[in-house]
Amino acid sequence: MHVLVIPRGLYDVPTLPNQGVFESHQVAALRAAGHRLGVLSGGVITTRFVGRRFPYHRKELLDDVPVYRAYRRAYLPARWEDPRDAAAKTYGRIRPMLEDYIEKFGRPDVVHAHNLTSGGLLAKHVHDETGIPYVVTEHTSTYAAEADAAQRDAKVLALGASGARAIIAVGSHLAASLQRAIGPHIPVLVIPNVVDSQLLACPLGKPQGAFTVGGLGYLLPRKNYALLIEAFARADLPAGARLVIGGDGPELGRLSRLARSLECQDRVNLPGHLNREQIVELLREVDLFAHPSDSESFGVVLIEAMAVGVPVLATACNGPLDIVTPEVGRLTPVGDVTAFADALSKMYQNRSQFDPGEIREYCRLHYGAEAFATRMLNVYQNAVLGP
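Notes on the structure in this doc start here.

In this section: the pairing of strand 12 (residues 288-291). Side-chain alternation along strand 12 places Leu-288 and Ala-290 on one buried face and Phe-289 and His-291 on a second face that is also buried. Sheet analysis places strand 9 (residues 212-216) next to strand 12, joined by two bridges and oriented parallel. Note that in strand 12 the partner of Gly-214 across the bridge is Phe-289. Inspection of the sheet shows strand 12 paired to strand 13 (residues 312-315) by three bridges, in the parallel sense. If you follow Ala-290 over to strand 13, its bridge partner there is Leu-313. Taking the sense of rotation as the criterion, the β-α-β connection linking strand 12, helix 12 (residues 300-307) and strand 13 turns out right-handed.

On to the packing of helix 2 (residues 83-105) against helix 3 (residues 115-130), then. It is at 9 Å that the axes of helix 2 and helix 3 come closest, and there the two elements cross at 55°. Taken as axis vectors, helix 2 and helix 3 run oblique relative to one another. With respect to the hand of their crossing, helix 2 and helix 3 are arranged in right-handed fashion. Of the residues in helix 3, those in contact with Pro-83, Arg-84, Ala-87, Ala-88, Thr-90, Tyr-91, Ile-94, Arg-95 and Leu-98 of helix 2 are Thr-117, Leu-121, Leu-122, His-125, Val-126, Glu-129 and Thr-130. Here the contact of helix 2 with helix 3 is composed, by residue class, of nine nonpolar, four polar and three charged.

Mapped onto the elements of the fold, Ala-144 is located in helix 4 (residues 141-145). If near-sequence neighbours (up to four positions away) are discounted, Ala-144 is found in contact with His-173, Leu-174, Ser-295, Glu-296, Ser-297 and Asn-318.

Where helix 12 contacts helix 15 (residues 356-367), the two axes come as close as 7 Å, and the packing angle between them is 130°. Overall, the two elements helix 12 and helix 15 adopt an arrangement that is oblique. Across the interface between the two elements, Ile-303, Met-306 and Ala-307 from helix 12 touch Ile-359, Arg-360, Tyr-362, Cys-363 and Tyr-367 from helix 15. In the contact of helix 12 with helix 15, the residues fall into seven nonpolar, no polar and one charged.

This part is about the layout of surface pockets. Roughly 630 Å³ of internal volume is contained in the second largest pocket. Among the elements of the structure, helix 1 (21-32), strand 4 (65-73) and helix 8 (197-200) are those that each provide at least two residues to the lining of the second largest pocket. A per-element tally of the lining of the second largest pocket places helix 1 first, with seven residues. Taken together, the residues of the lining of the second largest pocket sort by class into 13 nonpolar, nine polar and five charged.

All right, on to the pairing of strand 11 (residues 268-272) then. On strand 11, burial follows the alternation: Val-268, Leu-270 and Gly-272 on one face are buried, whereas Asn-269 and Pro-271 on the facing-out side are not. As defined by bridge partners, strand 10 (residues 242-246) adjoins strand 11 across three bridges and the pair is classed as parallel. If you follow Leu-243 over to strand 11, its bridge partner there is Val-268. This β-α-β element, strand 10 to helix 10 (residues 252-261) to strand 11, shows right-handed connectivity.

In this section: the sheet that holds strand 7 (residues 166-169). Within the open sheet, the eight strands sit side by side as 3-4-2-1-5-6-7-8. Their pairing is mixed. Where the open sheet ends on each side, the last strands, each with one partner, are strand 3 (59-62) and strand 8 (188-190). Across the sheet, the axes of successive neighbouring strands diverge by a mean angle of 25°, strand direction being ignored. Note: strand 5 (residues 110-114) against strand 6 (residues 134-138), four bridges, orientation parallel. The residue bridging His-114 from the neighbouring strand is Thr-137, located in strand 6. The strands touched by helix 7 (residues 172-182) are strand 6, strand 7 and strand 8; relative to strand 8, the strand with the most contacts, the crossing angle is about 175°. Set on the sheet, helix 16 (residues 369-385) makes contact with strand 1 (2-6), strand 5, strand 6, strand 7 and strand 8; between it and strand 5 the angle comes to about 120°.

Before going further, it helps to spend a moment on the packing of aromatic side chains. Tallying each qualifying case throughout the model produces seven aromatic pairs. A centroid spacing of 4.9 Å and a plane angle of 70° characterise the contact between Phe-49 and Phe-54, whose relative ring orientation is edge-to-face. In this structure Phe-54 comes out as buried when scored by relative accessible area, which is 7%. For the pair Tyr-68 and Phe-105, a centre-to-centre distance of 6.5 Å together with 85° between the ring planes defines the contact as edge-to-face. Taken as a pair, Tyr-68 in strand 4 and Phe-105 in helix 2 lie far apart in primary sequence, 37 residues in all. Residue Tyr-68 is classed as buried on the basis of its relative accessible area, which comes to 4%. One aromatic cluster is present, formed by Tyr-68, Tyr-101 and Phe-105 through successive ring pairs. In this structure, Arg-351 packs its charged tip against the face of Tyr-348, placed 4.1 Å from the ring centre.

Definitions and cut-offs
Residues numbered from 1 in each chain as written. Predicted model: local features only at pLDDT ≥ 70, side-chain atom pairs only at ≥ 80, totals over all residues. Heavy atoms only, no water. Buried < 20%, exposed > 50% of the residue type's maximum accessible area, 1.4 Å probe, protein only. Helix = DSSP H or I, 4+ residues; strand = E, 2+ residues; numbered from the N terminus. Pairing = 2+ DSSP bridges. Right-handed = clockwise from strand over helix to strand, strands pointing away. Axes fitted to C-alpha atoms, helices over the stretch in contact; angles between N-to-C directions. Parallel < 35°, antiparallel > 145°, perpendicular 65-115°, else oblique. Left-handed = near helix turned anticlockwise from the far one by under 90°. Contact = heavy atoms within 4.5 Å. Nonpolar A, V, L, I, M, F, W, Y, C, P; charged D, E, K, R; others polar. 1 Å grid on protein atoms, 1.4 Å probe; cavity = no way out; pocket = protein on both sides within 12 Å on 5 of 7 lines; lining within 4 Å. Points joined across faces, edges and corners; volume = space filled by probe spheres on them. Phe/Tyr/Trp six-rings, centres within 6.5 Å; stacked < 30°, edge-to-face > 60°. Lys NZ or Arg CZ within 6 Å of the ring centre and 35° of its normal.

See below:
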């Protein structure tokens, strides 16, 4: 199967190497399954980079996958631009590249776009002009977090979905929200994200040392890392226990002040932004991974921790409800610091119940490359065959 991927926006550029990371993991999984892959990335260089250089390769091979990029600069906040207008402008940039791609690599069997209001609208332009069928995977956490968010964007979501052969959500709660917004004419499927295969190949077992709880993510209020710090301070853990929360974001200063106010700053480490190697190092050095978010469309960091054999503790918010089972961890009510602290204590006390090899195998079977590629092949085949 020849699959052309249209990411949500920017894709693996030097200035922002994590942009498009979910898409790149899917590309790797599909390629490993023997499919032909290409990437056509159109997006916006935001106002954050006004007056600054933003280098990127317009055409390159990444792991033998041809990647085409065409970006335009924005001089006003993205929220001020209608997604339909943005997609029309971006398609004008990527259309010549699409023609070049087809000339060099042949006509794709199917386009796999990401996010209905960005990649999905571009895929619809491609379909309207070339007839190539397309499917769309939706990742947007806001649609899972806010009850009426998808309804507010219903017209644009419905437009992106109108020509699609399949709509996919990464979690069941997100799927239900999308279904209400776009209507019943096309069922929304649930296919979870794929875990980074490199993590499944890492040696199991952490270095000897203090019991360590880990967290990882962009430090936003809705991620609620304040709850994790407070729960860690309350939990019945050994005196030398440590908490490490990797990631940057607007909450970093507040979280540092909270740790000081709870007099646990000597046991709480907030290292800020981490590159990919440092993320893997963090995951491999913790005994328990904690994810206290108020809302998630999926929760990739949970399956990344599971891939290296680490048990997980998460709040029962949307995405984690699909991921966390008794075999791999525990769930607590959203926003309940007492329950989270109690769960930290009990998971420490019962840590021998969680086998790293079994956690990894569960992750591989449910979120590994082979499982993802098998699910997607069925979707692609149905898309090519048509209604």
